[in-house]
Amino acid sequence: INRQIILQEEIKTNEITVLRTIDDVINSHIYCYILIGNTERMITLWEGSDYGLAGQWTDTDVENRLNEVL
């Protein structure tokens, strides 16, 4: 993913690395750990009623969702 991200801590970068994506079926929660600059963050992708809408997600779905939430 290549876009400028500014978080509360004023981290400015054009690069995000997805470290891992986790599908927590029991809690209906899909989240991923990303690396922005030198900072690791956990980002919720889908949860609750949106969890079912994610269906059988792919890496491309994760990338698209990250673009939506960031």
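Remember, it's a predicted structure, so these values are computed and weren't measured experimentally. (Residues numbered from 1 in each chain as written. Predicted model: local features only at pLDDT ≥ 70, side-chain atom pairs only at ≥ 80, totals over all residues. Heavy atoms only, no water.)

Caption draft 1: Highlighting the sheet that holds strand S4 (residues 29-36). With antiparallel pairing, the 3 strands of this open sheet are ordered in space as S3-S4-S5. Of all the strands in the sheet, just strand S3 (16-24) and strand S5 (39-47) have a single pairing partner and so form its edges. When strand polarity is set aside, the average angle formed by the axes of neighbouring strands in this sheet is 20°. With 8 bridges connecting them, S3 and S4 associate as antiparallel partners. In the sheet register, isoleucine 16 faces S4, and the bridge partner there is isoleucine 36. (Pairing = 2+ DSSP bridges. Helix = DSSP H or I, 4+ residues; strand = E, 2+ residues; numbered from the N terminus. Axes fitted to C-alpha atoms, helices over the stretch in contact; angles between N-to-C directions.)

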